[in-house]
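Fold and contact review
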Amino acid sequence: MQLTGKQITTIVIAIVVAVIFITMAVFTYAVGTDENIKTDETDQTEQTAKQDDNSKEKQDSVVVNEPLEGDPYQELDDLIGLGAVKEEVKSLANFVKLQKQRQDKGLKTPKLSYHLVFTGSPGTGKTTVARIVARIYKDLGILKKGHTVETDRSGLVANYVGQTATKTNAVVDSALNGVLFIDEAYALVPENSSQDYGQEAISTLLKRMEDDRDKLVVIIAGYTNEMKRFIDSNPGLQSRFNRYINFPDYTAGELVDIFKMYMKKNQYTISEDAEEMLSEKLTYAVDHKDRNFGNARYVRNIFEKAIQAQANRLSGKTGLSERELTEITREDLESAFK
């Protein structure tokens, strides 16, 4: 059948229109795909950035403290309060010294565990004493370096399967020949959680404590009841941690002494009426405290707020005397305790 000129024209127009639609569809798909790729790249970049931030945060949860110069026994004696803690640490040191003398004479010595459990409320000096113990252990020849590596659950436990062991091993490696101090260690075994990566961290830690028993000491710390639950959760923990030292809360008088220690270190003084107020406020705080009371941390916060209040009070003044620059007044303390 022979087509007319009009029919041919119609067919050509239809073909052109079809080509145009196909071209537009292909272009739209290509643009959309490119946008999707860009979106995926953006999402991945943001995710990587978040992972980097998380990684930094995790790295920040592991703090390495090199051993200080000086006499650790004297520093222990100079700590405010903590009478029973000091006696426990000195008793342990005396025992180790005597066993070494027996060993030198060829006498039998019992197998010792140098790992410790520190129990008590926040701000009672557990971290400070752990650093001192590390240096005492170095002095006794138990550890070669005597540094401390301080961490908590976030420094040991990863977010994905198989990564916790690697992370825990890295922290342990950094603590070899020193003390690994794990604060709030009970968080490795959360209550009502049967499936948790904390168990992997514990298993890894226990293995390293056995494999590196001659160059690793672990000190774990936390609230008394929570630490008992933690130790009881694993027979391996029970066998390795059998020496407990309890850190009591500070008395009001000891907290006043701690405040004065901060003043002395930073060259501040306190007016007589402000000192009376300080004693009254801290006595009230101790009498009405709950289990989250910060003890020495609470006092440090009050001190920092007091000297900030002093700075605000003296702002804009010139030609200040030494007394004005150093004295904390009742007004400063009132602002600090608000």
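Summary of the structure given here. The structure displayed is predicted, hence computed values, not measured ones.

**Digging into the overall build of the protein chain**
For the protein chain, the count of helices and strands is 14 helices and 8 strands. When the 338 residues of the protein chain are sorted by exposure, 37% land in the buried category. Long-range pairs, those at least 24 residues apart, make up 76% of the contacts in the protein chain between residues at least 6 apart in sequence.

**Things to note about helix H4 (residues 126-139)**
In a regular helix each residue adds 1.5 Å, so 14 residues correspond to 20 Å; H4 covers 20 Å between its end C-alpha atoms and thus fits that length. For H4, the set of buried residues is Lys-126, Val-129, Ala-130, Ile-132, Val-133, Ala-134, Arg-135, Ile-136 and Tyr-137.

**Quick word on the sheet that holds strand E4 (residues 178-183)**
In space, the 6 strands of this open sheet follow the order E1-E3-E4-E5-E2-E6, with mixed pairing throughout. Among the strands making up the open sheet, the edge pair consists of strand E1 (63-65) and strand E6 (244-247). Between one strand axis and the next, the sheet turns through 20° on average, direction left out of account. In terms of strand pairing, E1 meets strand E3 (residues 148-151) through 3 bridges, oriented antiparallel. Across the sheet, the residue bridging to Val-64 is Val-149, located in E3. On the sheet, helix H7 (residues 198-211) packs against E4 and strand E5 (216-222) and is oriented at approximately 145° with respect to E5.

**Notes on the pairing of E6**
Only one face of E6 is buried: it carries Ile-245 and Phe-247, and the other face, with Tyr-244 and Asn-246, is open. As paired strands, strand E2 (residues 116-120) and E6 are joined by 4 bridges and run parallel to one another. Its bridge partner lying in E6, Val-117 is registered against Tyr-244.

**Concerning the layout of surface pockets**
Size it by volume and the largest pocket reaches roughly 960 Å³. If you trace the largest pocket, you find 31 residues lining it, with Leu-79, Gly-125, Thr-127, Thr-128 and Arg-131 closest to the centre. Only helix H2 (72-78), H4, E4, helix H10 (252-265) and helix H12 (296-313) provide two or more residues apiece to the lining of the largest pocket. Looking at the second largest pocket, its volume works out to about 600 Å³. Lining the second largest pocket we find 23 residues, and of these Lys-111, Leu-112, Ser-113, Tyr-114 and Arg-213 sit closest to its centre.

**Notes on a negative patch on the surface**
A surface patch of negative charge is lined by Glu-272, Asp-273, Glu-276 and Glu-280. Structurally, the position occupied by Asp-273 is in helix H11 (residues 272-287). Using a relative accessible area of 37% as the deciding quantity, one classes Asp-273 as partly exposed.

**As for the packing of H10 against H11**
Across the interface, H10 lies against H11 with an axial gap of 9 Å and an inter-helix angle of 130°. Between H10 and H11, the interaxial angle falls into the category oblique. Helix-helix and strand crossings are classified by hand; for H10 and H11 the assignment is right-handed. Residues Ala-252, Leu-255, Val-256, Phe-259 and Lys-260 of H10 form the contact with H11, whose own contacting residues are Glu-275, Leu-278, Ser-279, Leu-282, Thr-283 and Val-286. Looking at the contact of H10 with H11 residue by residue, the class counts come to 7 nonpolar, 2 polar and 2 charged.

**Observations regarding the pattern of salt bridges**
Tallied over the entire structure, the rule returns 16 salt bridges. One salt bridge in this structure joins Arg-135 and Glu-75, with 2.8 Å as the shortest N-O distance. Linking Arg-135 in helix H4 with Glu-75 in helix H2, this pair joins segments that are 60 residues apart in sequence. Residue class for Glu-75 comes out partly exposed when judged on its relative accessible area of 27%. Notably, a salt bridge pairs Lys-207 with Asp-211, separated by 2.6 Å at the nearest N-O pair.

**Focus: the pairing of E5**
Taking burial as the measure, the 7 residues of E5 include 7 buried ones, the bulk of the element. Of the two faces of E5, the one carrying Leu-216, Val-218, Ile-220 and Gly-222 and the one carrying Val-217, Ile-219 and Ala-221 are both buried. Judged from the 4 bridges that link them, E2 and E5 form a sheet pairing that is parallel. Among the inter-strand pairings, Thr-119 is bridged to a residue of E5, identified as Gly-222. Here 6 bridges tie E4 to E5, and the two strands are oriented parallel to one another. Paired with Phe-181 across the strands is Ile-219, a residue of E5.

**Details of unusual backbone geometry**
A positive phi is found at Asn-177, a non-glycine position, where the angle reads about 70°. With respect to the element layout, Asn-177 can be found in the loop between helix H6 (164-175) and E4. A relative accessible area of 24% places Asn-177 in the partly exposed class. Phi at Asn-295 takes a positive value of approximately 50°, unusual for a residue other than glycine. One can find Asn-295 in the loop between H11 and H12.

Cut-offs used in this document
- Residues numbered from 1 in each chain as written.
- Predicted model: local features only at pLDDT ≥ 70, side-chain atom pairs only at ≥ 80, totals over all residues.
- Heavy atoms only, no water.
- Helix = DSSP H or I, 4+ residues; strand = E, 2+ residues; numbered from the N terminus.
- Buried < 20%, exposed > 50% of the residue type's maximum accessible area, 1.4 Å probe, protein only.
- Contact = heavy atoms within 4.5 Å.
- Expected span 1.5 Å × (residues − 1).
- Pairing = 2+ DSSP bridges.
- Axes fitted to C-alpha atoms, helices over the stretch in contact; angles between N-to-C directions.
- 1 Å grid on protein atoms, 1.4 Å probe; cavity = no way out; pocket = protein on both sides within 12 Å on 5 of 7 lines; lining within 4 Å.
- Points joined across faces, edges and corners; volume = space filled by probe spheres on them.
- Patch = residues over 30% accessible without salt bridge, like charges linked within 9 Å, V, L, I, M, F, W, Y side chains within 5 Å.
- Areas by Shrake-Rupley, 256 points an atom, 1.4 Å probe, with all protein chains shown as cover.
- Salt bridge = Lys/Arg side-chain N within 4 Å of Asp/Glu carboxyl O.
- Lys, Arg positive; Asp, Glu negative; His and termini not counted.
- Charge placed at Lys NZ, Arg CZ, Asp CG, Glu CD.
- Parallel < 35°, antiparallel > 145°, perpendicular 65-115°, else oblique.
- Left-handed = near helix turned anticlockwise from the far one by under 90°.
- Nonpolar A, V, L, I, M, F, W, Y, C, P; charged D, E, K, R; others polar.

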